[in-house]
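Next come the chains, spelled out residue by residue.
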Amino acid sequence: MIPGGTATIVALASGRPPAAIAIIRISGPRAHAAVAALARQRLPPPRRAAVRRLVDPRDGSILDDAMVLLFAGPASPTGEDVAELHLHGGIAVVAGVLAALTALPGLRAAEPGEFTRRSFANGRIDLAQVEGLADLVAAETAAQRQQALALAGGALSQVATAWRERCLELLAEAEASLDFAEDEADVAARLALATRERLWALSRELAEILADSGRAARLRDGLTIVVSGPPNVGKSSLINALSRRDMAIVSPVPGTTRDVIEVPLDLDGIAAVLIDTAGLRDTEDPLEAEGIRRARARMASADLLLLLDDGIAAPAAALPIEAEPMVWRVTTKSDLGSVAPAGSRHLSSRTGDGLAALRAALADWAQNVVRPQMPALLSHERHRQAFSDAAAALGDAAVTEDAVLRAESLRQAAQCFGRIAGNVGVEDVLDRIFSRFCIGK
């Protein structure tokens, strides 16, 4: 249920002032009347912009000369009557208009994500598209933007709907076979065999989608690149040089870095996170030892490990993990005459020697890992869980000999795909999803 669903809500829909232009959005049954109360002039017809002088109904003071744009529900972004006021973006202008609007009867300030939640409740968008909009607002790289636009545009919803329809077709056949179960057993057997063959084909196809879900998650959340090695080999210096920011403390004192430091990085449009870790060595210091433990844990889960050595410090300790991540060995301090062994990349964070080559290699690696030019579905854990549950239900349907159980498993699979769009079983996740939005969205 929409919080305060009968209320008319208002919020600033653009960035924090001061700015060149500010947009205030109003949605609800009194949206147009609220604008009329401030404009005191005939309003333009829906979807036609017009300039109107806005006046505070409380004291008659002029608020601004604004562009007014109306939308009539249900053909509006939220499915309700909507109005937008395009104002001059001064702090006093925005504050004055908001104060005047919220003083009107039936109007109140919107809660985070409330405009989008009304769009969902009124059937303008489905839940997967809502998540795409949230991702779009949070996108920091070109690849994240493209993935979010595809999700917001309904790409996953269309795939899930198509899978649901396939399940329902098989369900209809499974239920039809029940009609022949007693009187025409040979017909029922043929139908059951054909259904099982199609179910196995669907299960294999679904397994391929699930196997690709890791790539979608990496596109959305970013690749993890851990920088590790002994103390004082230049890990923090390399982090700062690659990110072009002074993010990590650089010191000649061993053991300076004790906690994990994460720095975002844009690799030619692909999001990554550089992770600076404690230097690997034996130590009696409990704080440094904890930092080293955390470093090894992050190394185990990394997409790529940059293992540094400067040719002077003791070599890095062996990785105490069962399955090593991809490892690139890097020799630092080339400006001090260090010698790189075969297979190691050679650079200097101080002079920049070799940095451009490393950055280009990282960008190529990222492109090969996430392949942003290929559609990537299941970027959210909720999506992966729904498809995984559907795959399990289809597997059950394929192996059972009982026609009734097969029909029930197909019904469960269809419901799992319905969860993607928010048609069934999503009440418990709605508040969590909409809390990610800012006020005014």
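Calculation criteria
- Residues numbered from 1 in each chain as written.
- Predicted model: local features only at pLDDT ≥ 70, side-chain atom pairs only at ≥ 80, totals over all residues.
- Heavy atoms only, no water.
- Helix = DSSP H or I, 4+ residues; strand = E, 2+ residues; numbered from the N terminus.
- Buried < 20%, exposed > 50% of the residue type's maximum accessible area, 1.4 Å probe, protein only.
- Contact = heavy atoms within 4.5 Å.
- Areas by Shrake-Rupley, 256 points an atom, 1.4 Å probe, with all protein chains shown as cover.
- Phe/Tyr/Trp six-rings, centres within 6.5 Å; stacked < 30°, edge-to-face > 60°.
- Lys NZ or Arg CZ within 6 Å of the ring centre and 35° of its normal.
- Core = buried A, V, L, I, M, F, W, Y, C linked by side-chain atoms within 4.5 Å.
- Pairing = 2+ DSSP bridges.
- Salt bridge = Lys/Arg side-chain N within 4 Å of Asp/Glu carboxyl O.

Lay out the overall build of the protein in plain terms, naming residues and giving numbers.
Scanning the protein for helices and strands turns up 14 helices and 12 strands. Here the protein holds 441 residues, and 47% of them are scored as buried. A separation threshold of at least 6 residues defines the contact pool for the protein, and within that pool the share at least 24 residues apart is 62%. Of the roughly 21100 Å² that the protein leaves accessible, carbon and sulfur atoms contribute 54%.

How would you sum up the packing of aromatic side chains? Please name residues and give values.
Applying the stated rule across the entire model yields three aromatic pairs. Seen from their ring centres, tryptophan 328 and tryptophan 365 are 6.5 Å apart, and the 70 degrees between their planes marks the pair as edge-to-face. Separated by 37 residues along the polypeptide, tryptophan 328 in strand E11 (residues 326-331) and tryptophan 365 in helix H11 (residues 355-370) bring together distant segments of the chain. Taking relative accessible area as the criterion, tryptophan 328 reaches 12% and is therefore assigned buried. The class of tryptophan 365 is buried, set by a relative accessible area of 7%. Taking the ring centre of phenylalanine 115 as reference, the NZ or CZ of arginine 25 above it sits at 5.6 Å. A cation sits over an aromatic face here: arginine 345 above tryptophan 328, 4.0 Å from the ring centre.

Break down the nonpolar core for me, with residues and values.
With 31 residues, the main nonpolar core has Ile225, Leu238, Leu274, Leu306, Trp328 and Leu362 as its most contacted residues. Among the secondary structure elements, those contributing two or more residues to this core are helix H8 (213-221), strand E7 (223-228), helix H9 (235-243), strand E8 (261-267), strand E9 (270-276), strand E10 (304-309), E11 and H11. The greatest single-element share of this core, amounting to seven residues, is contributed by H11. Within the second largest apolar cluster, 28 residues are counted, among which are Trp163, Leu171, Ile209 and Ile420.

Break down the side chain of histidine 32 for me, citing the residues and quoting the values.
By the secondary structure assignment, histidine 32 is in helix H1 (residues 31-39). The class for histidine 32 is buried, based on a relative accessible area of 19%. For histidine 32, the contacting residues outside a window of four places in its chain are Leu43, Leu70, Phe71, Ala72, Asp81, Val82 and Ala83.

Can you explain the sheet that holds E8? Please cite residues and give values.
The strand order E8-E9-E7-E10-E11-E12 describes an open sheet built from six strands, whose pairing is mixed. Each edge of the open sheet is held by one strand with a lone partner, namely E8 and strand E12 (345-346). Of the strand pairs in this sheet, E11 and E12 are connected by two bridges, and their pairing is parallel. Counterpart to valine 330 in the pairing with E12 is arginine 345.

Describe the pattern of salt bridges, naming the residues involved and giving the relevant values.
Counted according to the given criterion, the structure contains 17 salt bridges. Residue glutamate 80 pairs with arginine 118 through a salt bridge whose shortest N-O separation is 3.0 Å. Placement of glutamate 80 in the loop between strand E4 (62-71) and strand E5 (82-89) and of arginine 118 in helix H3 (residues 114-121) is noted, with a sequence separation of 38 residues between them. Taken as a pair, glutamate 80 and arginine 118 share a single burial class, namely buried. Taken together, the shared-partner salt bridges connect Glu80, Arg108, Glu114 and Arg118 into one network.

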